[in-house]
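Chain and residue survey
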2 protein chains.
Amino acid sequence: MADKLRYSITLRLYGEEKIFGPGIAELLEKVDEYHSLRRATMAMGMAYSKAWSIIKTAEQSLSFPLLISKTGGRGGGGAELSEPGRRFLQAYRTFERTVHDFADEIFEDMFGQEEE
Amino acid sequence: MADKLRYSITLRLYGEEKIFGPGIAELLEKVDEYHSLRRATMAMGMAYSKAWSIIKTAEQSLSFPLLISKTGGRGGGGAELSEPGRRFLQAYRTFERTVHDFADEIFEDMFGQEEE
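Cut-off values and rules
- Residues numbered from 1 in each chain as written.
- Chains lettered and ligands numbered in written order.
- Predicted model: local features only at pLDDT ≥ 70, side-chain atom pairs only at ≥ 80, totals over all residues.
- Heavy atoms only, no water.
- Contact = heavy atoms within 4.5 Å.
- Buried area = accessible area lost by both parts, 1.4 Å probe.
- Salt bridge = Lys/Arg side-chain N within 4 Å of Asp/Glu carboxyl O.
- Polar contact = N/O pair within 3.5 Å; in protein donor to acceptor, adjacent residues only side chain to side chain.
- Helix = DSSP H or I, 4+ residues; strand = E, 2+ residues; numbered from the N terminus.
- Nonpolar A, V, L, I, M, F, W, Y, C, P; charged D, E, K, R; others polar.
- Pairing = 2+ DSSP bridges.
- Buried < 20%, exposed > 50% of the residue type's maximum accessible area, 1.4 Å probe, protein only.
- Lys, Arg positive; Asp, Glu negative; His and termini not counted.
- Least-squares fit on C-alpha atoms with pLDDT ≥ 70 in both.
- Axes fitted to C-alpha atoms, helices over the stretch in contact; angles between N-to-C directions.
- Parallel < 35°, antiparallel > 145°, perpendicular 65-115°, else oblique.
- Left-handed = near helix turned anticlockwise from the far one by under 90°.
- pLDDT = per-residue confidence, 0-100.

**Focus on the interface of chain B and chain A**
Quoted interface sizes are often the accessible area lost when the parts come together. With 35 residues of chain B at the interface, the matching set in chain A holds 35 residues. Summed over both sides, the interface of chain B with chain A buries roughly 3,100 Å², with 67% coming from carbon and sulfur. For the pair chain B and chain A, the number of links is zero salt bridges. At the junction of chain B and chain A, the tally comes to nine residue pairs in polar contact (both at pLDDT 80 or more). No other element matches the 13 residues that helix H4 (residues 83-111) of chain B contributes to the side of chain B that touches chain A. Looking at side-chain class alone, the side of chain B that touches chain A contains 22 nonpolar, eight polar and five charged residues. Where strand S1 (residues 6-14) of chain A and strand S1 (residues 6-14) of chain B come together, nine bridges link them in antiparallel fashion. Among the inter-strand pairings, Tyr14(A) is bridged to a residue of S1(B), identified as Arg6(B).

**Thoughts on the side chain of Glu80(B)**
Residues and elements named next belong to chain B. Here Glu 80 lies in strand S4 (residues 78-81). Buried within the structure, Glu 80 lacks any salt-bridge partner; its nearest side chain of opposite charge belongs to Lys 70, at an N-O separation of 5.0 Å. Glu 80 has contacts with Val 31, His 35, Leu 66, Leu 67, Ile 68 and Lys 70, leaving out every residue within four places of it along the chain.

**Side note on the relation of the copies chain B and chain A**
The operation linking the two copies of the chain is a rotation about an axis combined with a translation along the axis. For these two chains of identical sequence, chain B goes onto chain A by a turn of 180° and a shift of 0.0 Å along the axis, with RMSD 0.0 Å. Taken together, the rotation and translation describe the operation of a two-fold axis. Across chain B, the rotation axis passes nearest the C-alpha of Thr10(B), at a separation of 2.4 Å.

**Observations regarding the packing of helix H1 (residues 22-34) of chain A against helix H2 (residues 37-44) of chain A**
To describe two helices that pack against each other, one gives the angle between their axes and the distance between the axes. Residue and element names in this part refer to chain A. H2 packs onto H1 with a crossing angle of 125° between their chain directions and a minimal axis gap of 8 Å. In terms of orientation, H1 and H2 fall into the oblique class. Where H1 crosses over H2, the two elements pack in a sense that is right-handed. Residue-level contacts link Gly 23, Glu 26, Leu 27, Lys 30, Val 31 and Tyr 34 of H1 to Leu 37, Arg 39, Ala 40, Thr 41, Ala 43 and Met 44 of H2. A breakdown of the residues in the contact of H1 with H2 according to their chemical character gives seven nonpolar, two polar and three charged.

**Considerations on the packing of helix H1 (residues 22-34) of chain B against helix H3 (residues 48-62) of chain B**
Residue and element names in this part refer to chain B. Close contact between H1 and H3 brings their axes to 11 Å; oriented N to C, the two are set at 105°. Here H3 runs roughly perpendicular to H1, going by the angle between their axes. Counted together, Ile 24, Leu 27 and Leu 28 of H1 and Ala 51, Ile 54, Ile 55 and Ala 58 of H3 form the full contact between these two elements.

**Structural notes on the confidence of the model for chain A**
Keep in mind that low pLDDT regions are not for reading the predicted coordinates in detail. Residue and element names in this part refer to chain A. On average, residues of chain A score 89 in pLDDT, and 89% of them reach the 70 mark or higher. By mean pLDDT, strand S3 (residues 67-70) is the weakest element of chain A at 91, and H1 is the strongest at 97. For this predicted complex, the interface confidence comes out at an ipTM of 0.78, alongside a pTM of 0.82.

**Remarks on the environment of Ser82(B)**
Residue and element names in this part refer to chain B. Position of Ser 82 among the secondary structure elements: in the loop between S4 and H4. Along the primary structure Ser 82 and Leu 66 are separated by 16 residues, whereas in three dimensions their C-alpha atoms are 5.3 Å apart. Apart from the residues within four sequence positions on either side, Ser 82 is in contact with Pro 65, Leu 66, Leu 67 and Ile 68. Side-chain polar atoms of Ser 82 contact the backbone oxygen of Pro 65, separated by 2.5 Å.

**A closer look at unusual backbone geometry**
All names here are of chain B. In this model, His 35 sits at a positive phi of 60°, which is unusual for a non-glycine residue. Summarising the element assignment, His 35 is placed in the loop between H1 and helix H2 (37-44). Judged by relative accessible area, His 35 falls into the partly exposed class, the value being 39%. In this model, Ser 63 sits at a positive phi of 65°, which is unusual for a non-glycine residue.

Have a look at this one:
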């Protein structure tokens, strides 16, 4: 085999439509880091309107808010993860990591090479 | 939760670049069914030139042929899976199924709902 073989796993969650995946997970993590949805989108190079739409679609399907707005204060407001939003994000990341750890083992068995 | 939650897993294999994923796996399965790359692409609604490019890129990275051409005979030739191509496809599907079976169990534990 010419190239060293690696793999990737993409996990997505669906209700009636797509709810959650790597993009929104990273977006929420950036909000947690920057305390602002706008700064999170800038860090990711994502259009603010797209981020807003992704979050609203997910919130409707999940029936709980992912973000809470903070008004006033230095910088004139911002956003934080809601508690259910934080728990859901953690559940997604745990699910992803657990599947990944399992896949690492069988990938090596089956393809004889390790994931990068 | 408003919507019943489901998940999807996408597994991709990489060398220097992307080699293998759901699209090429389905394409190879259709070739196996129709004994023709052209008929496989028609069944998938995929451009023949795109299918050709995907397969050539994968073959270069893997350093073995995925397809073998059959010339002559009724219909004037066609394509079949090569033996290493068939084994690789089977390994990918087994990897995918094994990861999926594992993920089914923990998904139910974590999100309390079954995959559709």
